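The residues making up each chain are set out below.
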Amino acid sequence: MIIAFIIWSLVAVLFFGIGISARKSKEAVGLFTFAKPPVVTDIIRYNRSVSMLWGIVSIILEILGIPFLFSEQNSPMFIATILGTVFLVIGMMIAYFRIQTKYAP
């Protein structure tokens, strides 16, 4: 299960990298893959908020992957990881839409 944790951690690091990239961007960034970034009033604060969202998501995702280190394959502990990931994605969407409405004209 160490390999699963390593892969999980690489995804969390990738998300953290997306957050760093969003913070350094001079133009407004979008959260979703094919979504155009919204027209915002303050690009720097908007990008900082999106960057913080990605950073928080990457940290929580890494915490949710900890059962991979201590559990055997097909352990019931993975239900918490799966449900946590589902709620994390839903929370991420809600937080992004709040950020979007805060900075959209």
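Note: the structure precedes this text.
The present account deals with the structure reproduced in this document. (Residues numbered from 1 in each chain as written. Predicted model: local features only at pLDDT ≥ 70, side-chain atom pairs only at ≥ 80, totals over all residues. Heavy atoms only, no water.)

Considerations on the overall build of the protein chain
When helices and strands are tallied, the protein chain shows four helices and zero strands. Along the protein chain, from the amino end to the carboxyl end, the secondary structure elements read α-α-α-α. The dimensions of the protein chain, computed from C-alpha atoms along their principal axes, are 50 × 20 × 20 Å. Per-residue burial for the protein chain yields a buried fraction of 34% across its 105 residues. Counting every atom, the protein chain has about 7200 Å² of accessible surface; 73% of that belongs to carbon and sulfur. Here the protein chain holds 8 positive side-chain charges and 4 negative ones, and the gap between their average locations is 14 Å. (Helix = DSSP H or I, 4+ residues; strand = E, 2+ residues; numbered from the N terminus. Buried < 20%, exposed > 50% of the residue type's maximum accessible area, 1.4 Å probe, protein only. Areas by Shrake-Rupley, 256 points an atom, 1.4 Å probe, with all protein chains shown as cover. Lys, Arg positive; Asp, Glu negative; His and termini not counted. Charge placed at Lys NZ, Arg CZ, Asp CG, Glu CD.)

Overview of helix α2 (residues 43-64)
For α2, which comprises 22 residues, the first-to-last C-alpha distance of 31 Å matches the rise-based estimate of 32 Å (1.5 Å per residue) to within 8%. Along α2, the positions that sit buried rather than exposed are Y46, N47, S49, V50, S51, L53, W54, G55, V57, S58, L61 and L64. (Expected span 1.5 Å × (residues − 1).)

Quick word on a nonpolar patch on the surface
Together, F32, I79, I82, L83, V86, F87, V89, I90, M93, I94 and F97 make up a nonpolar patch on the protein surface, roughly 1000 Å² of accessible area in all. Mapped onto the elements, F87 comes out in helix α4 (residues 78-103). (Patch = residues over 30% accessible without salt bridge, like charges linked within 9 Å, V, L, I, M, F, W, Y side chains within 5 Å. Salt bridge = Lys/Arg side-chain N within 4 Å of Asp/Glu carboxyl O.)

Concerning the nonpolar core
Membership of the largest hydrophobic core comes to 22 residues, with the highest contact counts inside it found for L31, Y46, V50, L53, M92, Y96 and I99. Looking at this core, the elements that each hand over two or more residues are α1 (2-24), α2 and α4. For this core, the leading source of residues is α2, giving seven residues. Setting aside residues up to four positions removed in sequence, L31 forms contacts with V50, L53, W54, M92 and Y96. (Core = buried A, V, L, I, M, F, W, Y, C linked by side-chain atoms within 4.5 Å. Contact = heavy atoms within 4.5 Å.)

Focus: unusual backbone geometry
With phi around 65°, N74 is a residue other than glycine that occupies positive phi space. With respect to the element layout, N74 can be found in the loop between α3 (67-70) and α4. A relative accessible area of 70% means that N74 is categorised as exposed.

Let's talk about the packing of aromatic side chains
Between two aromatic rings, the relevant description is the distance of the centres plus the angle of the planes. Applying the stated criterion across every chain, the model contains five aromatic pairs. Measuring from centroid to centroid gives 6.1 Å for Y96 and F97, while their planes differ by 55°, and the two rings are tilted. Residue class for F97 comes out partly exposed when judged on its relative accessible area of 44%. (Phe/Tyr/Trp six-rings, centres within 6.5 Å; stacked < 30°, edge-to-face > 60°.)

Describing the pattern of salt bridges
Under the criterion given, the structure shown has one salt bridge. In this structure, the salt-bridge partner of R45 is D42, at a minimum N-O distance of 3.8 Å.

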